[in-house]
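Survey of secondary and tertiary structure
The chain contents come next:
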Amino acid sequence: MRVYNIDNETKKKFSINLNYKYQLIFRLGCATGLRISDIVKLEKSILLIKEPTIREQKTKKSKRFYIPKKLRLELLDFCQNNQKYIFESSAEKGHITRQAVWKHFKIVAKRLNIKINIGTHTMRKNHAKNLQLSGKSYNYIKNQLNHDNLADTLLYLLEESKNGKDQEYKDMIDKILQIESKYTELGQILSDPEVIQD
């Protein structure tokens, strides 16, 4: 089942109704765009670094990210002195599981009667949408999400525009990819030393 981005009003309503631990997870995911599988494994020590780097579990690629100062301080305050992970499990030794986060999100969304499908990936999609609304380019957003290709990024950003218009949706993605491709080709031509002549 597809997980959707949520509008700011729903996001605020959802966030304030989460248990504090899960609220911090939700805010961290929306602020950084990290996948839940990476968020749950974050160690407390990364909070001492302004722009930490992790190795993504899914892609095995290096990912550098920024945690806003206010959120970083809240997370430090949330952590106990001797804990290893930011989000430790209360049921067992180690970090909380992504399944526990997903389950809590689903319970709260159902209790609030939120009609769209909210899941742990909603945080990542919300991060991408906020970057788009702030005027960032598609390539910038692609790099922030650590996507291999622009088509994946466009699926994140344009799915709310779909509304059942499959062909129109595909045409829109194709046009954007053609434009991006032309800019990439132009950049390669301009950087080719044989093209640059005295």
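In this numbering scheme, every chain counts its residues from 1 along its sequence in written order. The predicted nature of this model means local features are confined to residues of pLDDT at least 70 and side-chain atom pairs, given and counted, to a pLDDT of 80 or more, with totals for whole chains, interfaces and linings taken over all residues. Hydrogens and water molecules were not included; the side-chain quantities draw on all heavy atoms of the structure.

In this description a helix means any DSSP run of H or I spanning at least four residues, a strand means any run of E spanning at least two, and both kinds are numbered starting from the N terminus. Counting through the fold element by element, Arg124 comes out in helix α6 (residues 121-133). A simple rule labels every residue: compare its accessible area, found with a 1.4 Å probe on the protein chains alone, to the largest value its type can have, and call it buried under 20%, exposed over 50%, or partly exposed in between. Neither His nor the chain termini are counted; the positive set is Lys and Arg, and the negative set is Asp and Glu. When a carboxyl oxygen of Asp or Glu lies within 4 Å of a side-chain nitrogen of Lys or Arg, that pair is called a salt bridge. An unpaired buried charge is present at Arg124: no salt bridge exists, and Glu56, the closest side chain of opposite charge, is 4.8 Å distant. Pairing of N or O atoms within 3.5 Å defines a polar contact, subject to two protein rules: one partner must be a possible hydrogen donor and the other a possible acceptor, and residues neighboring in sequence count only if both atoms are side-chain atoms. At 2.6 Å, the side chain of Arg124 forms a polar contact with the backbone oxygen of Gly33. There is a polar contact of 2.6 Å between the side chain of Arg124 and the backbone oxygen of Leu145. In this view, Arg124 contacts Gly29, Gly33, Leu34, Arg35, Leu145, His147 and Tyr156; residues no more than four positions away in its chain are not counted. Contact definition: two residues touch when any of their heavy atoms are within 4.5 Å.

Time to look at the pattern of salt bridges. Counted by the stated rule, this structure contains five salt bridges. Among the salt bridges present, the one from Arg27 reaches Glu74, with a minimum N-O distance of 2.7 Å. With Arg27 in helix α2 (residues 20-32) and Glu74 in helix α4 (residues 69-78), the pair connects residues that are 47 residues apart, well separated along the chain. For Arg27, a relative accessible area of 24% translates into the label partly exposed. Note that Glu43 is salt-bridged to Lys84, the shortest N-O span being 3.8 Å. Of the two residues, Glu43 is situated in the loop between α3 (36-39) and β1 (53-55) and Lys84 in the loop between α4 and α5 (98-111); the sequence distance between them amounts to 41 residues.

Let us now look at α6. Here, expected helix span is obtained from the residue count minus one, scaled by 1.5 Å. Relative to the 18 Å expected for 13 residues at 1.5 Å per residue, α6 spans 19 Å between its end C-alpha atoms, a close match to the ideal helical length. Buried residues of α6: Thr122, Met123, Arg124, Lys125, Asn126, His127, Ala128, Lys129 and Leu131, and no others. Downstream of α6 by one or two residues, Gly135 has phi in the positive range, about 95°.

This next bit is on the environment of Lys103. One can find Lys103 in helix α5. Lys103 sits in the exposed class, given a relative accessible area of 52%. Each C-alpha atom, one on Lys103 and one on Gly119, is 8.6 Å from the other, the two residues being 16 residues apart in sequence.

Compared with the 18 Å implied by 1.5 Å per residue over 13 residues, the 18 Å span of α2 between its first and last C-alpha is a close match. Most of α2 is tucked away, with 10 of its 13 residues classed as buried. Restricting attention to buried positions, one finds in α2 the residues Lys21, Tyr22, Gln23, Leu24, Ile25, Phe26, Leu28, Gly29, Cys30 and Thr32. Residues of α2 that are buried sit in contact with α1 (8-16), α3, α4, α5 and α6. Where α2 starts, the residue carrying a side-chain oxygen 2.9 Å from the main-chain nitrogen of Lys21 turns out to be Asn19. Immediately downstream of α2, the backbone of Gly33 shows phi near 80°, a positive value.

Let us now look at unusual backbone geometry. If you check the backbone angles, Lys60 has positive phi at about 65° while not being a glycine. Tracing the chain through its elements places Lys60 in the loop between β1 and β2 (62-64). Overall, Lys60 belongs to the exposed group, its relative accessible area being 52%. Phi is positive for Asn146, close to 60°, though the residue is something other than glycine.

Keep in mind these numbers describe shape, not what the thing actually does.
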